[in-house]
Number of protein chains: 2
Amino acid sequence: MYKVTVIVTLKTGILDPQGKTIRQSFQSLDYDGVVDVKTGKVYTLMLESSEESVVRSMCERVLSNPVMEDYTYTIEEVVPS
Amino acid sequence: MYKVTVIVTLKTGILDPQGKTIRQSFQSLDYDGVVDVKTGKVYTLMLESSEESVVRSMCERVLSNPVMEDYTYTIEEVVPS
């Protein structure tokens with residue numbers, strides 16, 4: 001069994017309104033020194049195979065929008081609990 | 001300057017309908033061996049200070065819902081670009 005962690009974030013330059021809103025929340029709650037906030041998604045997949053080409057295909061076809069988003073992934077073998 | 005990466009995931013046992021939907025999408029696209037899919041959020045904060053108590057407070061008050069979600073974070077010093 002393999003645990004694949006996929007992190008999907010907006011490409012640099014793409015507007016992140018949610019990040020902006022969160023930054024404003026921090027400021028209104030008196031947190032100082034918050035220079036920037038970026039948001040993204042994380043997926044944890046439990047897979048029976050660890051073939052990277054399959055994982056990349058999953059990322060590009062289902063988990064991310066290649067036009068606006070970047071993705072990174074890590075694959076680790078786990079012993080089924 | 002400090003880059004704080006916060007990952008927020010649902011606590012074990014909490015229903016993840018989005019994860020379930022994504023898993024069904026994988027099956028309908030003929031990806032085999034997808035045992036489970038969990039979803040979560042990732043935040044990248046650029047902060048002027050790296051005080052852990054402040055970061056934890058940000059996570060618990062703004063970035064996550066402590067009743068339903070767990071969070072982890074990493075802090076790394078970065079040279080401002």
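Residues numbered from 1 in each chain as written. Chains lettered and ligands numbered in written order. Predicted model: local features only at pLDDT ≥ 70, side-chain atom pairs only at ≥ 80, totals over all residues. Heavy atoms only, no water.

- With an unreviewed UniProt entry as reference, chain A is termed Phosphoribosylformylglycinamidine synthase subunit PurS, source organism Pontibacillus halophilus JSM 076056 = DSM 19796.
- In UniProt, chain A has this text filed under Sequence similarities (unreviewed entry): "Belongs to the PurS family."
- Turning to chain A, the UniProt annotation filed under Subunit (unreviewed entry) states: "Part of the FGAM synthase complex composed of 1 PurL, 1 PurQ and 2 PurS subunits." (UniProt positions renumbered as here; feature names shortened; annotations may be inferred.)

A few points about the packing of helix 1 (residues 17–28) of chain A against helix 2 (residues 52–63) of chain B
In step 1: Their axes nearest at 11 Å, the elements helix 1 of chain A and helix 2 of chain B cross at an angle of 115 degrees. Judged on the interaxial angle alone, helix 2 of chain B and helix 1 of chain A are roughly perpendicular. The interaxial crossing formed by helix 1 of chain A with helix 2 of chain B has right-handed handedness. For the pair helix 1 of chain A and helix 2 of chain B, the contacting residues are Ile-22, Ser-25 and Phe-26 of chain A in the first and Met-58, Val-62 and Leu-63 of chain B in the second.
In step 2: Along the lines of polarity and charge, the residues of the contact of helix 1 of chain A with helix 2 of chain B split into five nonpolar, one polar and no charged. (Axes fitted to C-alpha atoms, helices over the stretch in contact; angles between N-to-C directions. Helix = DSSP H or I, 4+ residues; strand = E, 2+ residues; numbered from the N terminus. Parallel < 35°, antiparallel > 145°, perpendicular 65-115°, else oblique. Left-handed = near helix turned anticlockwise from the far one by under 90°. Contact = heavy atoms within 4.5 Å. Nonpolar A, V, L, I, M, F, W, Y, C, P; charged D, E, K, R; others polar.)

Some thoughts on the relation of the copies chain B and chain A
In step 1: Overlaying chain B with chain A gives an RMSD of 0.0 Å, the required rotation being 180 degrees about an axis along which the chain moves by 0.0 Å. Each copy turns onto its partner about a two-fold axis. Closest approach to the rotation axis among the C-alpha atoms of chain B is made by Lys-41 of chain B, whose C-alpha sits 2.2 Å away.
In step 2: A high fraction, 100%, of the interface residues of chain B reappear at the interface in chain A, so the copies pair face to face through one surface. (Least-squares fit on C-alpha atoms with pLDDT ≥ 70 in both.)

Notes on the interface of chain B and chain A
In step 1: Of the residues lining the interface, 31 residues belong to chain B; the matching set on chain A comes to 32 residues.
In step 2: When chain B packs against chain A, close to 2,600 Å² is buried across both sides, 68% of that on carbon and sulfur atoms.
In step 3: On the surface where chain B and chain A come into contact, there are zero salt bridges.
In step 4: Joining chain B to chain A, the criterion identifies 14 residue pairs in polar contact (both at pLDDT 80 or more).
In step 5: Among the secondary structure elements, those contributing two or more residues to the side of chain B that touches chain A are strand 1 (2–10), helix 1 (17–28), strand 2 (34–47) and helix 2 of chain B.
In step 6: When residues of the side of chain B that touches chain A are assigned to their parent elements, the largest contribution, 14 residues, is made by strand 2 of chain B.
In step 7: Tallied by class, residues from the side of chain B that touches chain A come to 19 nonpolar, seven polar and five charged.
In step 8: Bridge count for strand 2 (residues 34–47) of chain A against strand 2 of chain B is 13 bridges, and the pairing is antiparallel. (Buried area = accessible area lost by both parts, 1.4 Å probe. Salt bridge = Lys/Arg side-chain N within 4 Å of Asp/Glu carboxyl O. Polar contact = N/O pair within 3.5 Å; in protein donor to acceptor, adjacent residues only side chain to side chain. Pairing = 2+ DSSP bridges.)

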